[in-house]
Amino acid sequence: MAESYDFVIVGAGSAGCVLANRLSADGRYRVCVLEAGPGDKHNPFIRMPVGVASLLRSRRYNWSYWSEAQPNLRQRSLFLPRGKTLGGSSSINGTTYIRGHAQDYDEWSALGCEGWSWDEVLLYFRQSENFEPGANAFHGAGGPLNVADRRYTNPLSRAFVDAAMQAGHAHNPDFNGAGQEGVGVYRVFQKRGRRHSNADAYLRSAERRPNLSILTGAQATRILFEGKRAVGVRYRRGGQEREVRAVREVILAGGAYNSPQLLLLSGVGSGRELGRHGIRVVHELPGVGQNLQDHLDAFVVMRTRSHASLSFHPTNWPRMIVAFFKYLFARRGELTSNLGESGGFIRSRAEEPIPDLQLHCLPILNSSHGLDLSPVFSGYGYSVMIYDLRPLSRGSVGLRSADPLAPPLIDPNFAAHERDVERLVRGIGLVRDIVGRPALAVHNLEEVAPGPNLRSEVELADYVRRTAEVAYHPVGTCRMGTDPSAGSVVDPRLRVHGLQGLRVVDCSIMPTLIGGNTNAAATMIGEKGAAMILQDQQPATAGREHAEQPRQEETA
Ligand SMILES: Cc1cc2nc3c(=O)[nH]c(=O)nc-3n(C[C@H](O)[C@H](O)[C@H](O)COP(=O)(O)OP(=O)(O)OC[C@H]3O[C@@H](n4cnc5c(N)ncnc54)[C@H](O)[C@@H]3O)c2cc1C
């Protein structure tokens, strides 16, 4: 007989770790977490902040998806990494701590997502947080997730802030405080110079609880239904098919690509899409997998005459050796860099009501997001990454096949709206203005990209379409809302429309993409989701008792 728990959580990522902790906290409920990836304790690059560059190339800790060829980006397929280990993408991300703009959440509320306005979600941001500089009206102290001031900021990243101020942008010492606009250095999800993933924050203190079972190497392949009620999950572990039963709820936290994929594999989605793959329809829900949004980004890359940047160039190897020992013995120095060290939020033109562009200055020559390291070996420089914070283009996640182990079919449909490209073109102009200011001019040797010859809007739009990359912030594919016929998948309490015992709690529920990096928001969604799940519990009925006692933590 299958093991039985009150809650079965699919995915121990940013939101899944929060759920595992909060739902098992008072010992009343038995909780099982299925995580497809391995444990997170044996790879030193997970702990080392600069290790993000290595994890991007990992096949073991990263799903390493690729998009469909993008017609509006010169038929390019874009690399779409996702964390595949305890902590999920928070274990391989850039550790930049940003919540988004208050108006993003007020917009969710205006779209009918009751309970999700800024004033209502601020509580959960604060609750999740241990803000090292100390609690105030915007920040919490004593929460699980550590938010720290940077231990290392490269001189070029600091010069970027100075140059931006010389260009007229205001300094902002806290992008998550009273206002988002302005330039400065980013705070990070780190603790004493090491990455503080959501697994570190939420699982470490919970993993020995007798009512919490964490199974790694366990990939969910189908949700089990009795009628319209989710009653368990089928999963594959160690080459074997197994089942686990959920007395109360199945909760999907597989992220914006995998949660809709699992719903589709389980017969929840558009009947037409399911029919194409021979999957029996359990519940017709056309919004599943639709509404995919992500931040498209363009780069300005500068080669420098100064040797201040991070680099693998042979002339820098002595400094790299020193950096290694500094990290080893003091957890300080260059290896604590998260690369996207400084930047900020600016308006691409004066009439924008709130910042519509985010900038990250990386003290390194851009290298296709770490996939091609040759520029980093070639010399010294810095790269400014520009995101369009609220793109109009919408894509989708579908099935490539009915095989649950096949990757999903991901079509972000980037740059389908001309406005998305226009914003990035304006952003390139603003960044060129910044990098030409005295604070950076003293370092600059030449503009590597777009390159001095590309000046007109047409040329720059072409540059964006030829070279833009993704910021790895996919959301929206199990969109929250009140009307399933208008594309929503979950209601504002994150229950899947038309089904019982099934929720989605991860970045896929965002109706619209927030203006900023998404890990803090994923954590907030986990916190708020857990609170709602606990509020909604009725005592289990006598007919739905546990078949077996839960086990201690088990890892593959
Ligand atoms: C390379 C990279 C850099 C980033 N940098 C930043 C940054 O600097 N700052 C920031 O705020 N955000 C950043 N992000 C984004 C942020 O990390 C994510 O938005 C956030 O972690 C998503 O949380 P989630 O809970 O929705 O999904 P995830 O954290 O991705 O969790 C999903 C989990 O579910 C598991 N899973 C999926 N399918 C199954 C299945 N069928 N069975 C079992 N388990 C399954 C996955 O293995 C994973 O562990 C970055 C992301 C990436 C990939």
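Before reading on, note that the structure itself is shown above.
Per-chain numbering applies: the sequence of each chain, read as written, is numbered from 1 onward. With pLDDT at 70 or above as the cut-off, local features in this predicted model cover only qualifying residues; side-chain atom pairs require 80 or more to be listed or tallied, and sums for whole chains, interfaces and linings still use all residues. Side-chain metrics in this entry use all non-hydrogen atoms of the structure; hydrogen atoms and water are not considered.

Caption draft 1: View of the environment of Arg 272. Within the secondary structure layout, Arg 272 lies in helix α9 (residues 271-276). Sequence separation between Arg 272 and Pro 412 is 140 residues, and the spatial gap between their C-alpha atoms is 20 Å. A run of DSSP states H or I qualifies as a helix once it reaches four residues; a run of E qualifies as a strand once it reaches two. Both are numbered from the N-terminal end.

Caption draft 2: Spotlight on a nonpolar patch on the surface. There is a patch of nonpolar side chains on the surface, built from Ile 321, Phe 324, Phe 325, Leu 328 and Phe 329 and spanning about 530 Å² of accessible area. If you trace the backbone, Phe 325 turns up in helix α10 (residues 317-330). Accessibility expressed as a relative area gives 40% for Phe 325, which makes it partly exposed. Exposure above 30% relative accessible area and the lack of any salt bridge qualify a residue for a patch; like charges then connect within 9 Å, and the nonpolar side chains Val, Leu, Ile, Met, Phe, Trp and Tyr within 5 Å. Only the protein chains shown count as cover for residues, and all accessible areas are computed by the Shrake-Rupley method using a 1.4 Å probe. Between Lys or Arg on one side and Asp or Glu on the other, a salt bridge is scored when a side-chain nitrogen of the former is within 4 Å of a carboxyl oxygen of the latter. Under the scheme applied here, a residue whose accessible area is under 20% of the maximum for its type counts as buried, over 50% as exposed, and between as partly exposed, the area being computed with a 1.4 Å probe on protein chains only.

Caption draft 3: Spotlight on the packing of helix α4 (residues 102-110) against helix α5 (residues 118-128). Helix axes use the C-alpha atoms of the stretch in contact, all axes being lines fitted to C-alpha atoms, and the angles between their N-to-C directions lie in the range 0 to 180 degrees. Close contact between α4 and α5 brings their axes to 8 Å; oriented N to C, the two are set at 120 degrees. Here α5 runs oblique to α4, going by the angle between their axes. Contacts between α4 and α5 involve Ala 102, Tyr 105 and Asp 106 from the first element and Trp 118, Val 121 and Phe 125 from the second. For the contact of α4 with α5, the class distribution of residues is five nonpolar, no polar and one charged. Reported orientations rely on four angle classes, namely roughly parallel under 35 degrees, roughly antiparallel over 145, roughly perpendicular from 65 to 115, and oblique for the rest. Throughout, a contact is declared for two residues whenever any of their heavy atoms are within 4.5 Å. Residues are grouped as follows: Ala, Val, Leu, Ile, Met, Phe, Trp, Tyr, Cys and Pro are nonpolar; Asp, Glu, Lys and Arg are charged; every other residue, Gly included, is polar.

Caption draft 4: The pairing of strand β1 (residues 3-10), seen in detail. Across the eight residues of β1, eight count as buried, placing the element largely inside the fold. By convention a crossover is right-handed if, when the strands point away from the viewer, the path from the first strand over the helix to the second runs clockwise. Handedness of the β1-helix α1 (residues 14-24)-strand β2 (residues 31-34) crossover: right-handed.

Caption draft 5: The arrangement of a negative patch on the surface in detail. In this charge count, Lys and Arg are treated as positive and Asp and Glu as negative; neither His nor the chain ends contribute. Working definition for charges: the position is that of NZ of Lys, CZ of Arg, CG of Asp or CD of Glu. A cluster of acidic residues, Asp 106, Glu 114, Asp 119 and Glu 120, forms a negative patch on the protein surface. Position of Glu 120 relative to the elements: it lies in helix α5.

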